[in-house]
Amino acid sequence: MRILEEDLNTIRCSLNTKEKEFYKDSVILITGCAGSIGYELLHYLIRYADARRIIGIDNCWLGYPNWMRRLVEEGKLEFYQRDIAVMDLGEIEAAEEVTHVFHMASLASPVAYRENPLLTMDANVEGCRNLLEYYKDKNLRTFCYFSSSEIYGSPDDSQIPTSEKQWGRVSCVGPRACYDEAKRYSETLCQVFAGRYQVPCVILRPFNIFGPGMKLNDGRIPTDCVKAVILDQDIPVYSDGTPTRTFCYISDAITWILKAAAQGAFDVFNIGMDSPELTILEYAKLCAAIGRESFDYHGSVDFRISEDPDFLTDNPRRRCPDLSYAQEKLGYRPVFSTEEGVYRFLTFLSEYRECLEEEWAW
């Protein structure tokens, strides 16, 4: 687990003393803990937060990974397999002791959320309302809501890079709306509860995070690429390759998250990487080149047509964050370049190859 250990140490070294102290002696509740961000976030909090208790909630609709099962069996994570949209939070033994909430529950893959729109909306909207209602009169130190860069929709070129002040250009009736609009509505919930009840809500808008913890069958371009390299298959690209994205390695994302949550007051932050802004084809070719150089890869990029007729409907043409506000307020710039992140992800998968089917069942 060399890459994981290095990532956790990088995160720890990137936090200042005040930010580290913010998590000491805490009771932390994380919804959606079995998801892609949960892997490194949970391992970091268990290893370095010095928390009193760490509680996880997930309906495990996408599976109950063995890495999380192991954390539960070792007594490091108190886990509740529940639907946060409808569960009674009073079921949690230490519910009223919770000091830090991270609400991450949602289907984040476009493939998954288009297949399950109501589940996606409920996890975000009803789940967020459930948590806010329960904790509006408790002594929370932070309520960190994981929104998405999808709330910006498909910005005009004049709005690239996109700042937190942009309102977004989103279709409320398209195939992606269940995710986009659920995130937007939940941001409003956070703003209202922060203003009316002084809940210390921090809203995060991640831009294309990738790395260890992602399920390799989730249908997103970072996983399509690394899975193809590891299996020595052609890399599938389900568009003309011209849409652009920026890509942020997971340990940098976790650092953004922990720094932002430690603000303990209402705010909104873009988190991610602001350069380079790569086309999907450029990113696929980058992964192929790294694969050929370091992982005995022999494949190439293969343009394909998705079986889903709505796969490209409302797909943003460009996506790139303006990180100036987050950098000024949080005092951080990402450590790893996109190339370094791809190399680390592939290294993690290649070194851990014999355990992948058992851990993530892909």
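The coordinates are above.
Residues numbered from 1 in each chain as written. Predicted model: local features only at pLDDT ≥ 70, side-chain atom pairs only at ≥ 80, totals over all residues. Heavy atoms only, no water.

1. Some words on the overall build of the chain
- A count of helical and extended segments in the chain gives 13 helices and 13 strands.
- The globule rule puts the C-alpha radius of gyration for 362 residues at 21 Å, and the 19 Å found for the chain is close to it.
- For the chain, the spread of C-alpha atoms along the three principal axes comes to 55 × 45 × 35 Å.
- Looking at the chain as a whole, 57% of its 362 residues are labelled buried.
- Working note: accessible area of the chain is about 15000 Å², and carbon and sulfur atoms make up 47% of it.
- With 39 positive and 56 negative side-chain charges, the chain shows a separation of 4 Å between the mean positions of the two kinds. (Helix = DSSP H or I, 4+ residues; strand = E, 2+ residues; numbered from the N terminus. Rg over C-alpha atoms; globule rule 2.2 N^0.38 Å. Buried < 20%, exposed > 50% of the residue type's maximum accessible area, 1.4 Å probe, protein only. Areas by Shrake-Rupley, 256 points an atom, 1.4 Å probe, with all protein chains shown as cover. Lys, Arg positive; Asp, Glu negative; His and termini not counted. Charge placed at Lys NZ, Arg CZ, Asp CG, Glu CD.)

2. Digging into helix α10 (residues 280–294)
- The first and last C-alpha atoms of α10 sit 21 Å apart over 15 residues, in line with the 21 Å expected at 1.5 Å per residue.
- Of all the residues in α10, the buried ones are Ile280, Tyr283, Ala284, Leu286, Cys287, Ala288, Ile290 and Gly291.
- Once α10 ends, the next one or two residues include Asp296, with phi positive near 55°. (Expected span 1.5 Å × (residues − 1).)

3. Points about the pattern of salt bridges
- Considering all chains together, one arrives at 26 salt bridges under this definition.
- Here Glu5 makes a salt bridge to Arg47, at a shortest N to O gap of 2.8 Å. Residue Glu5 is found in helix α1 (residues 2–14), and its partner Arg47 is found in helix α3 (residues 38–48); the two are separated by 42 residues along the sequence.
- Between Arg304 and Asp302 there is a salt bridge whose closest N-O contact spans 2.7 Å.
- When its relative accessible area of 27% is taken as the criterion, Asp302 is described as partly exposed.
- Three or more residues joined by partner-sharing salt bridges are found here, namely Arg2, Glu6, Asp7, Arg344 and Glu351. (Salt bridge = Lys/Arg side-chain N within 4 Å of Asp/Glu carboxyl O.)

4. Some words on the packing of helix α6 (residues 117–135) against helix α7 (residues 177–197)
- Close contact between α6 and α7 brings their axes to 9 Å; oriented N to C, the two are set at 5°. The orientation of α6 with respect to α7, classified from their angle, is roughly parallel. Counted together, Pro117, Thr120, Met121, Asn124, Val125, Cys128, Arg129, Leu132 and Glu133 of α6 and Cys178, Tyr179, Ala182, Lys183, Tyr185, Ser186, Leu189, Cys190 and Phe193 of α7 form the full contact between these two elements.
- Residues of the contact of α6 with α7, tallied by class, amount to 12 nonpolar, three polar and three charged. (Axes fitted to C-alpha atoms, helices over the stretch in contact; angles between N-to-C directions. Parallel < 35°, antiparallel > 145°, perpendicular 65-115°, else oblique. Contact = heavy atoms within 4.5 Å. Nonpolar A, V, L, I, M, F, W, Y, C, P; charged D, E, K, R; others polar.)

5. Details of the environment of Arg317
- By the secondary structure assignment, Arg317 is in the loop between β13 (301–303) and α11 (324–330).
- A residue is classified by how much of its surface remains accessible, and Arg317, at 47% relative accessible area, is partly exposed.
- The spacing of Arg317 and Pro155 is 162 residues in sequence and 8.1 Å in space, taken between C-alpha atoms.
- If sequence neighbours within four positions are ignored, Arg317 has contacts with Ser154, Asp157, Thr242, Pro243, Thr244 and Arg245.

6. A short note on unusual backbone geometry
- A cis geometry characterises the amide bond from Ile160 onward to Pro161, with omega recorded as -5°.
- In the segment running from Ser275 into Pro276, the intervening peptide bond is cis, with an omega of 0°.
- Backbone geometry places Asp50, a non-glycine residue, at a positive phi of 60°.
- Within the element layout of this structure, Asp50 appears in the loop between α3 and β2 (53–57).
- Relative accessible area serves as the criterion here: at 48%, Asp50 is assigned to the partly exposed category.
- Of note, the phi angle at Cys60 is positive, near 55°, even though the residue is not glycine.
- Looking at the secondary structure, you find Cys60 in the loop between β2 and α4 (66–73).
- A relative accessible area of 11% places Cys60 in the buried class.

7. What about the pairing of β2?
- Across the five residues that make up β2, a large majority, five, are buried.
- Where strand β1 (residues 27–31) and β2 come together, five bridges link them in parallel fashion. By the bridge assignment for β2, Ile28 is matched with Ile54.
- Crossover β1 to β2 through α3 is right-handed.
- Here three bridges tie β2 to strand β3 (residues 78–80), and the two strands are oriented parallel to one another. Looking at the pairing, Gly56 lines up with Phe79 of β3.
- With respect to chirality, the unit in which β2 leads through α4 into the neighbouring parallel β3 is right-handed. (Pairing = 2+ DSSP bridges. Right-handed = clockwise from strand over helix to strand, strands pointing away.)

8. Some points on helix α8 (residues 221–230)
- Summarising burial for α8: nine of the 10 residues are buried, a large majority.
- Residues of α8 that are buried: Ile221, Pro222, Thr223, Asp224, Cys225, Val226, Ala228, Val229 and Ile230.
- Directly after α8, the chain includes Asp232, whose backbone phi takes a positive value near 55°.

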